[in-house]
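# Coordinate analysis (summary)
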Amino acid sequence: MYRDESVLPDEADRAPGAGATGKPAPEPALGPLLVGLQLTDSAFPSGFYTLSHSLEGFAQAGAVDREGLPPLLEDLLLHGVGPADATALALAHRATRAGDAAAVVRIDEHLFATKLGREMRQAATRTGRQLLDLAAEVFDRPEITEHFGRVVRRESPGTQAVAAGVIHAATGVPVRQAVASDLFAFCASFAGAALRLRLTDHRGAQVLLRAAAPVIEAAVEAALRRELADVGATVFASDIMSGRHERAEARLFVS
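Residues numbered from 1 in each chain as written. Predicted model: local features only at pLDDT ≥ 70, side-chain atom pairs only at ≥ 80, totals over all residues. Heavy atoms only, no water.

Broken down by element type, the protein chain carries 12 helices and zero strands. Mapped in sequence order, the helices and strands of the protein chain form the string α-α-α-α-α-α-α-α-α-α-α-α. Sorting the 255 residues of the protein chain into buried and exposed places 51% on the buried side. For the protein chain, long-range pairs separated by at least 24 residues make up 80% of all intrachain contacts whose partners lie at least 6 apart in sequence. Put simply, the protein chain shows about 12,500 Å² of open surface, and 55% of that area lies on carbon and sulfur atoms. (Helix = DSSP H or I, 4+ residues; strand = E, 2+ residues; numbered from the N terminus. Buried < 20%, exposed > 50% of the residue type's maximum accessible area, 1.4 Å probe, protein only. Contact = heavy atoms within 4.5 Å. Areas by Shrake-Rupley, 256 points an atom, 1.4 Å probe, with all protein chains shown as cover.)

Written as structure tokens, this is what we have:
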């Protein structure tokens, strides 16, 4: 439904250069960038710090070490969060910009249904509700307040990715920048979990984040071109590790 818009660059995503008149194009406003930076800041209490994104399950099973972190993160980006959450975020962003609240709910329900494990579903909705609750106060936009109201009334599941899509759209953040910001926040959360699980150190975590940059770019471009029927992850090893993690006797993270 929203595919045509995805292939056109947002105005704020265009690099400064000569316009049709030969004059330099104006620099994009900093407001949307500052919103994205605030939402991806680890100090923003969205609840991401409580998640390991199945990494703790891999660690408990002895299935990942420091050298295994980059390929695992790449798989999660390209086959997990990219096709699922990032795609839903882009679709929710466009639906919000179009004023189609019913489409936002359909996207939210679809994404929720694709999360196979109870742990992942609960993590997505808990962080989504917390994100909406705070963003309604911080940004004071009617689209955010209205979606939060639907979640509170249980008219929509309230997944984190869809909540982020609504918030970014309501605050004027371009869709490509919104998807990239959320994927970077996912990677930063993954790296932070690796650090707390002693799978890497602070320097290694930064190397991991930088190495993920081209993968994030690829995941963003793919997410912008998918439709609702394409939303869903195919990282079954992650689902298995998450299921084992649910029943673990000791857990540092909730997912």
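With that settled, the discussion passes to a nonpolar patch on the surface. Nonpolar side chains collect at one region of the surface, where Leu-30, Leu-33, Leu-34 and Leu-37 lie side by side and expose about 390 Å² of accessible area between them. Take Leu-37: it is sitting in helix H2 (residues 31–40). (Patch = residues over 30% accessible without salt bridge, like charges linked within 9 Å, V, L, I, M, F, W, Y side chains within 5 Å. Salt bridge = Lys/Arg side-chain N within 4 Å of Asp/Glu carboxyl O.)

On to the nonpolar core. Of all hydrophobic cores here, the largest spans 66 residues; its most connected members are Leu-55, Leu-77, Val-179 and Leu-183. Examining the composition of this core, we find that 14 residues originate from one element, helix H4 (residues 69–97), more than from any other. Non-local contacts of Val-179, meaning those with residues more than four positions away in its chain, are made with Ala-86, Leu-89, Ala-90, Val-220, Ala-223 and Leu-224. (Core = buried A, V, L, I, M, F, W, Y, C linked by side-chain atoms within 4.5 Å.)

For the rest of this paragraph, the subject is unusual backbone geometry. Phi is positive for Asp-140, which is not a glycine, with a value near 50 degrees. If you trace the backbone, Asp-140 turns up in the loop between helix H6 (118–139) and helix H7 (142–152). For Arg-198, which is not glycine, the phi dihedral falls at a positive 60 degrees. Summarising the element assignment, Arg-198 is placed in the loop between helix H9 (175–196) and helix H10 (202–211). Its relative accessible area of 77% is what places Arg-198 among the exposed residues.

Turning next to the pattern of salt bridges. Under the defined criterion, the tally for this structure stands at five salt bridges. Close ionic contact of Asp-201 with Arg-66 constitutes a salt bridge, the shortest N to O distance being 3.4 Å. One end of the pair, Asp-201, is in the loop between H9 and H10; the other, Arg-66, is in the loop between helix H3 (55–60) and H4, with 135 residues separating them in the sequence. Under the relative-accessibility criterion, Asp-201 is labelled partly exposed at 33%. Among the salt bridges present, the one from Lys-115 reaches Asp-85, with a minimum N-O distance of 3.2 Å.

Another aspect to go through is H7. Listed in full, the buried residues belonging to H7 are Ile-144, His-147, Phe-148, Gly-149, Arg-150 and Val-151. Those residues of H7 that are buried lie in contact with helix H5 (101–114), H6 and helix H8 (160–170).

Before going further, it helps to examine the side chain of Asp-182. Here Asp-182 shows up in helix H9. It is Lys-115 that comes nearest to the buried, bridge-free Asp-182 among opposite-charge side chains, at 9.5 Å. The residues contacting Asp-182, other than those within four sequence positions of it, are Leu-89, Gln-160 and Ala-164. (Lys, Arg positive; Asp, Glu negative; His and termini not counted.)

Mean pLDDT for the protein chain: 88, with 89% of residues reaching 70 or above. Note that residues 1–19 has pLDDT below 50 and, in this model, 35 contacts with residues that lie over four places away or in other chains. (pLDDT = per-residue confidence, 0-100.)

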